[in-house]
Structure formats: structure tokens, C-alpha cells
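Okay, here's what each chain looks like letter by letter:
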Amino acid sequence: MSGKQESVVDVQGTVEDGFEPVRDAFAANFAQRGERGAAVAVYRHGRKVVDLWGGTKHGDGGGDAYPGGPATGGADAVPAPWEADTAQVIRSATKGVAAVVPLLLHQRGLLDLDAPVGTYWPEFKAAGKDRVLVRHLLSHRAGLPVLDTPLTPAQAIDGVSGPAALAAQAPAWPPGADHGYHAQTYSWLLGELVRRVTGRTLGTWFADEIAGPLGLDLWIGLPAALRSRVGRLAEIATPVPPAASGLRVRPKRAVADAYRDPASLTNRAFGAIAPPPDENDPAYRAAELPASAGIATARSLARCYAALIGPVDGRPRLFAPATLTLARTEESAGPDRTLVVNTRFGLGFMLHGPSSPLLAPGSFGHPGRGGALAFADPESGIAFGYLTNGMQRNVTADPRPQAVVRALAAACHAAG
């Protein structure tokens, strides 16, 4: 970048032959795109081919103090390095991970995607929601991205207030008629549905049935004993072109206006918890919020998606062919009432498109606001996970993972 010293970060980890461009793009994120601490992992046909990390463990550049605590103070504080087992909050990339649970419940015959939500959750039928289907929750078509009265951070994590508020909430549009990103309410909608069907919380079900058997460092509800492994998030500046990798950095006027207008559906959806929660708070990280508070390592994100599409270490794939088809068949497309751009969703997953580029047209996954990204591409056998502690002001197409994805695409093309 003109007039600025490029930072040099010692990138750690391994890449298999042919995937060196991924390492180069990852290193360039630190030198050119403002990255502070990050990790990326790639599986191909069930085998790990990229596993890289670098920078500082904490987005604020501080050192470790105590598990889940603030940075050590003073100008002489030594930044804690990002290590091989460092995990991070993945924000909305949690949504794709969480969607695996209801899809597997459907695969096992325990959940009907075309049944009204009220079949499993009778209180939900109130206020004109008797025709909201399970598939509407997963495809952001339920009409429930906002709450008339936002929840406090304490209410958001108590396991009771969110479901109760949504049971009483009237839809913002006729359910099924349109789509709009359920930025925060997805947590309580999906979480309560799973609890009603299984008798277990979504985070517990995921831990018992998916993370445990696969050996994943991936939690929806972080155990207290693991707090010290997780870095702190920090807001950082978004670079201007050319460091933005050719992606749009300045949003369209309609998008910018929606974020500025406190009465807009956009602001109200992202503001369903008010004031905004402290994502570095141990209580927030321990909460089971399937929309936003998952915590993972990059290799476990990639491994989870790899297990959806094929065998990993001799374990059979999680998604049967019919379930994989459901996950990535388009349910919602076009102007998104919340995000004010065109989006595409399958059942619980974002699909490849201009506003959220993945690897290829058949890819499915989910970004996290500020920089995380995870997806799978069945045709190439690729599964991808990227996470960061430096939150830039990007929602669905952050320049840092996008640069790495383009390098990955070139490497796959060269490999044939």
C-alpha cells in the first residue's frame, strides 16, 4: 500500500504441494489487507491440505491475562501469538454449522421440514404464525428478523426470553412470501425448535452427535475450561482499494442508508439485542446462540464441512445425498429485505452468488460478519474454513477470505 510499511507476519502451519498460492494469499492478508490474527484450513476429498495460522491471538494486540479476561495493560505488554490451537468467535458462520442439526434431524426422520413450526412449538402459532414452516426458519422466510422490543444482552443468553419474544412476535411480512436475513433471531428460532424436538439444546446436540465423534474444536456454547484458548475480537479499519482485492468496499447508497436509519429493518434486525453484546464476555461465549456465537478453529470448521460431503478419517459422510441436495437447493433468492442486496439461501446455508462468493456455483456455506467464512463444494471435494480476530466492516464478502478463496480456486484448477 502506497506510503505505508507492509507488516511481515511469520505464517505457521503446512500446505501440500500445489496449494502454495493459498499460503501466499493468506500471508498477503497481513501485509496488504489489515489482518491481525487469522487462520485458514482446507480439506480436499476428506484430507487436510492446508492448515495455516499467523499474527496475534487477540485482535487488540494485547497479551493473555486470565481465561476470558481483558488484555494485559501497558505499552510493554507482549502480544500473545496466534497458536496452532487458537480458536475464535465465528459470528454468523455459526449459522451454517447450526443448520446441520435440523437437517440431520430431518434425515433421521425426527423433523418434517414442511411441517408448521407450531407442530413442535405450540406457543409459536400466536400472532399469525400458524403457517410458518420449518423450512421458512432455515431459509430466512419466516418474516421474523426483528423484535418489537429488543432483548438485553442478559435476556439474549438466558435461554427463555428469546423464544418467548418470538412466540409473541407478529411477522414483518407474510411468512413464506419473501426473505430477509434473520441476523439475530435465527438463534432463538433454531435453538428452541431443536430443543422441542430433541429435548436437548442445539449446542448440546451438536457436541454429542457431531463435534464429539468428529473430534472438532467447534462449540456452540464454550465450556468454561476452554476459555483461555479463544482470542479476543476487535474492530479494525477496512482497507481501501487496491487492498480490498477488487471487491466493493463502499456499499451502495441504499445499503448505507439502511444501516444509518434506526427504523430500518436492517438496523432493527442487527439490533435485536440492545445494547450490542460484548462478544469477548465469557458469559456471551458460554451461551448457545446459533446465529452468532459459535467458536472454532479454522481446521475444525473445514473438517466439519468436509464431513458433510464425504468421509473423513474413515467416518461416513454426515449428509446423505438427499440431505446434501436440500442444503444447497435454492429456497430464497433476490433482494434481501434485511441486507438490501441480492442474497441466495438454501436450507440454513448461503449459496454462491455475487454478494457472497464461495468457490463455485455448487458451493454452500456461510460467512460471518467481519471476516469469517466456511463452506463446502461437493463437486471439487473442497471444504474451507477461515477465521479472524480483526473485525472489518464487511457482512457477506470480506476481502481477506475472498482473496484466499480465489487463490484456492486457481490451485484447484491447476491441479485438475
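One can find the structure itself at the top, above this paragraph.
Scope of this entry: the structure provided in the associated data block.

## A few points about the pattern of salt bridges
And step 1. Inspection of the entire model under this criterion finds 24 salt bridges.
And step 2. Among the ionic pairs, Arg-232 bridges to Asp-60, the shortest N-O distance being 2.8 Å. Of this pair, Arg-232 sits in the loop between strand E5 (218–219) and strand E6 (234–235) while Asp-60 sits in the loop between strand E3 (47–55) and strand E4 (88–89); the two residues are 172 residues apart in sequence, bridging distant segments of the chain.
And step 3. With relative accessibility at 39%, the residue Asp-60 sits in the partly exposed group.
And step 4. We note a salt bridge from Glu-209 to Arg-200, for which the minimum N-O separation is 3.2 Å.
And step 5. The exposure class assigned to Arg-200 is partly exposed, which follows from its relative accessible area of 26%.
And step 6. A network of salt bridges, in which partner residues are shared, links Arg-108, Arg-200, Asp-208 and Glu-209.

## Some points on the state of the cysteines
And step 1. Taken as a whole and judged by the stated rule, the model has 0 disulfides.
And step 2. The thiol of Cys-304 is not disulfide-bonded; the next cysteine sulfur, from Cys-412, is found 19 Å away.
And step 3. With relative accessibility at 11%, the residue Cys-412 sits in the buried group.

## Concerning the sheet that holds E4
For sheets, the rule is that strands pair by backbone hydrogen bonds, running either parallel or antiparallel.
And step 1. Here we have 3 strands laid out as an open sheet, ordered E4-E7-E5, and antiparallel in their pairing. Because the sheet does not close on itself, it has two edges, and the strands there are E4 and E5.

## So, the pairing of E3
And step 1. Within E3, 7 of the 9 residues are buried, which leaves the element mostly enclosed by the surrounding structure.
And step 2. Inspection of the sheet shows strand E1 (residues 12–15) paired to E3 by 4 bridges, in the antiparallel sense. Bridge pairing links Thr-14 to Asp-51 in E3.
And step 3. Here strand E2 (residues 37–44) pairs with E3 via 8 bridges, running antiparallel. Each bridged residue has a counterpart across the sheet, and for Val-42 the counterpart in E3 is Val-50.
And step 4. Taking the residues between adjacent antiparallel strands as the criterion, E2 and E3 are bridged by 2 residues, where His-45 takes a positive phi near 50°.

Rules and cut-offs
- Residues numbered from 1 in each chain as written.
- Predicted model: local features only at pLDDT ≥ 70, side-chain atom pairs only at ≥ 80, totals over all residues.
- Heavy atoms only, no water.
- Salt bridge = Lys/Arg side-chain N within 4 Å of Asp/Glu carboxyl O.
- Helix = DSSP H or I, 4+ residues; strand = E, 2+ residues; numbered from the N terminus.
- Buried < 20%, exposed > 50% of the residue type's maximum accessible area, 1.4 Å probe, protein only.
- Disulfide = S-S within 2.5 Å.
- Pairing = 2+ DSSP bridges.

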